[in-house]
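Coordinate analysis (summary)
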Amino acid sequence: MLGKIETYHPPEWAATLSYIPEKKVHLAMTNTPIHPWKVPGVPEDFTVSVKRDDLTGCALSGNKVRKLEFILANALHQGCRHVITSGKLLSNHCRTVALCARQLGLTPHLFLSSDVTDVKQLQTDGNMLLSRLCGAHMYVTPFDRLFRTPEADMKKLAQQIQSASGESSFIIPGGGTSKCGLFAYIDVFEELIQQGVLEQFDDLFVTCGSTGTMAALGIANYLTGGHLRLHAAGISRTEDHIYDSFDKELREVGLGHLKARDLVRIVDGRGSGYGQSTDEELDFIQRVMVETSVPLDPNYTGKAAFSMVKEMQTNPSAFKGRRVLFIHTGGLFGLFCGQMKTFLEKKEELQPRIRIWPEN
């Protein structure tokens, strides 16, 4: 039943971790499918399949809802009435927090980084449209402040809410990256095992934003014998920053003797920068849609899949084998933020596909 809080039982192979969540609330449509994926540009000796974790729910699409099943269970268990989190203006995480919070009767508060100085200038499309539709409270903050003082700002807001209403707030780290949220993809890895991934594939490829999804997959792969090689396309952080974050998560669950660099290979997927895409990347996203009907977003999964194909073309020896599974982490609403619209409108070769009927 959606919204029901349950006692959490981890997979047997994860039971020795030093931290295990006690509760989980059911929000996602799980056991998402795997199917072959004929991505344009993949060399002939590679085969690619895709794990459709973009199908975890309609408006909740993607990996973030899986993390919130653990995080929001904590918020409810502690009797909180508000949830506070932070992210960039295009954040899938913030949108999902807003929607899940409302579904569970909680009030969402979002710190969003932007360079706008007038709230009337804020866009009302993509993730922002959904966050605004569900009445999330938003606090626009400069880009540099998001990285310097997010926790302090969220704690200050929680104190203000407590003083004004007497109600408590639950603070969620950006991206949902925490030792609690980590168990979302511990569970996904068990799902992958049940789907025969260890026997059918050699490599996993995933997007890496705030590192939580990648870290969980790396830990799970290690605990189950390291049968797969994990590759992660870093979208917004440097390689050193990603490894530092992963090392911290290893320590939090009692695996501090391991090194992140031994568990995952980082591929630079930043391209021209976070929230920015080249025409080559946008053309790739459009070709993938035409040839496979799988939607990729320009901010995360599009960059990751593009990086995967480039690695196969230029650095095939980096892969353990030739059977690769791409973990699709969602982000559909990033397609509605203007980049793809502008790109398609200026792509002249697509215009003949649109006609007035009947013709004169």
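Our subject is the structure listed above.
Let us look at the structure shown here. Fair warning: this is a prediction, and the values are worked out from it, not measured in the lab. (Residues numbered from 1 in each chain as written. Predicted model: local features only at pLDDT ≥ 70, side-chain atom pairs only at ≥ 80, totals over all residues. Heavy atoms only, no water.)

**Section: the packing of helix α2 (residues 92–103) against helix α3 (residues 126–133)**
The interhelical angle for the contact between α2 and α3, taken along N-to-C directions, is 20°, at an axis separation of 9 Å. The angle between the axes of α2 and α3 places the two elements in the roughly parallel class. Two packed elements cross with a definite hand, and for α2 against α3 that hand is left-handed. Every residue of α3 that contacts α2 at N92, C94, R95, A98 and L99 is listed here: N127, L130 and S131. Across the contact of α2 with α3, the residue classes tally to 4 nonpolar, 3 polar and 1 charged. (Axes fitted to C-alpha atoms, helices over the stretch in contact; angles between N-to-C directions. Helix = DSSP H or I, 4+ residues; strand = E, 2+ residues; numbered from the N terminus. Parallel < 35°, antiparallel > 145°, perpendicular 65-115°, else oblique. Left-handed = near helix turned anticlockwise from the far one by under 90°. Contact = heavy atoms within 4.5 Å. Nonpolar A, V, L, I, M, F, W, Y, C, P; charged D, E, K, R; others polar.)

**A closer look at the pattern of salt bridges**
In this structure the tally under the stated criterion is 17 salt bridges. Across the salt bridge formed by K303 and E281, the nearest N and O atoms sit 3.4 Å from each other. Separated by 22 residues along the polypeptide, K303 in helix α11 (residues 301–314) and E281 in helix α10 (residues 279–292) bring together distant segments of the chain. Relative accessible area serves as the criterion here: at 1%, K303 is assigned to the buried category. Accessibility expressed as a relative area gives 6% for E281, which makes it buried. Between E345 and K341 there is a salt bridge; the shortest N-O distance is 3.0 Å. Residue E345 and its partner K341 are both found in helix α12 (residues 339–346); the two are separated by 4 residues, about one turn of the helix. You'll find E345 and K341 in the same group, each marked exposed. A cluster of three or more residues bridged by salt bridges with shared partners is formed by K51, D53, R66 and E191. (Salt bridge = Lys/Arg side-chain N within 4 Å of Asp/Glu carboxyl O. Buried < 20%, exposed > 50% of the residue type's maximum accessible area, 1.4 Å probe, protein only.)

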